[in-house]
Amino acid sequence: FAFQGSVMGGLNLGAFVDKEHPLRRFVLYGHGMGAGGGREPFTAAAVNGGVHLQTQLLRVRNMGKAGWGGLALTTGYEHTSYLLTLEREVPIETEVATWVADGEYQVRAITNSIPLELSTNMRAAFLTVFGGGGVDFLLTGDADSIIDLRGDIRDPSDRVVGTAVVTATDSVDITGVTPRVFGGLQLNLSVVKLYGQVNVALPEGLGLHGGLRVAM
């Protein structure tokens, strides 16, 4: 579980032409997020950014207090990186001994992908229901971990009775296609939007996301 913040900007490519111009169907988005933090004794840092082009295949239909968001096709490029590191020694305790582990513990993951997504929504008064599906084409993806921990083993009286060393390295490269579906609800309070979303990536990925957006 984590708190995140993201900045997004969008430009309708038909903003400076007639309302019936075909370019009105295209919107270019850019977004970025950087977050750091962690829980003792670990720290973590995550970076996500990308650009997306959304095409309105079927037009939006407004009917007063209700409306249909049409059908949109979205694609683009996304980059994500994640780094987890051990910042200080950590005691690992059992009933008979304590191992004070110190050294290097690092997990790193980087992905570059192209999403292809169909989405739609329905609005009734201040409530919007949205959903869709798509696939993510993973262009490059790699993850590696380095573990080199060592330290004294102490008995309950704090006497050193030995030492322990744990070393391991692992690395993996991943490419492929991941299908997914998503859906959620949004509460529209003027420019403030409260939402909750469920993401299901096949065959066994599940994500829950809730938050607040301010859309100008």
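To start, this report covers the structure provided alongside it. (Residues numbered from 1 in each chain as written. Predicted model: local features only at pLDDT ≥ 70, side-chain atom pairs only at ≥ 80, totals over all residues. Heavy atoms only, no water.)

Description of the environment of F26
Keep this limit in mind: A helix here means a DSSP run of H or I that spans at least four residues, while a strand means a run of E at least two residues long, and both kinds are numbered starting from the N terminus. For each residue, the accessible area found with a 1.4 Å probe, counting protein chains only, is set against the maximum for its type, and the residue is called buried under 20%, exposed over 50%, and partly exposed in between. Note on definitions: a residue-residue contact is assigned when non-hydrogen atoms from the two residues lie within 4.5 Å.
Assignment of secondary structure puts F26 in strand β2 (residues 26–37). Overall, the relative accessible area of 27% leaves F26 in the partly exposed class. As a C-alpha pair, F26 and A15 span eleven residues in sequence and 9.8 Å in three-dimensional space. Not counting chain neighbours up to four residues away, the residues in contact with F26 comprise L11, N12, L13, G14, L53, Q54 and T55.

Quick notes on the packing of aromatic side chains
The line we're drawing: Planes of paired rings set the category: under 30 degrees apart is stacked, over 60 is edge-to-face and the rest tilted, where pairs are Phe, Tyr or Trp rings (Trp by its six-membered ring) whose centres lie within 6.5 Å.
By the definition in use, this model includes one aromatic pair. Judged by centre distance (5.6 Å) and plane angle (65°), the ring pair of F42 and Y105 falls under edge-to-face. Residue F42 is found in strand β3 (residues 42–58), and its partner Y105 is found in strand β8 (residues 98–124); the two are separated by 63 residues along the sequence.

A closer look at unusual backbone geometry
Looking along the chain, the bond that leaves L202 and enters P203 is cis, with omega of 10°. Tracing the chain through its elements places P203 in the loop between β12 (192–201) and β13 (205–214).

Concerning the pattern of salt bridges
For the record, the criterion: Put simply, a salt bridge is a Lys or Arg side-chain nitrogen that is within 4 Å of an Asp or Glu carboxyl oxygen.
Under the definition given, this model contains eight salt bridges. The partner of R180 in a salt bridge is E117, with the nearest N and O atoms 3.0 Å apart. Within this pair, whereas R180 is found in strand β11 (residues 176–189), its partner E117 is found in strand β8, the two being separated by 63 residues in sequence. Note on R180: relative accessible area 18%, which makes it buried. By relative accessible area, E117 is classed as buried at 18%. Residue R154 is joined to D152 by a salt bridge in which the shortest nitrogen-to-oxygen separation is 3.9 Å. Judged by relative accessible area, R154 falls into the partly exposed class, the value being 25%. One salt-bridge network, in which partners are shared between bridges, spans R108, D142 and D144.

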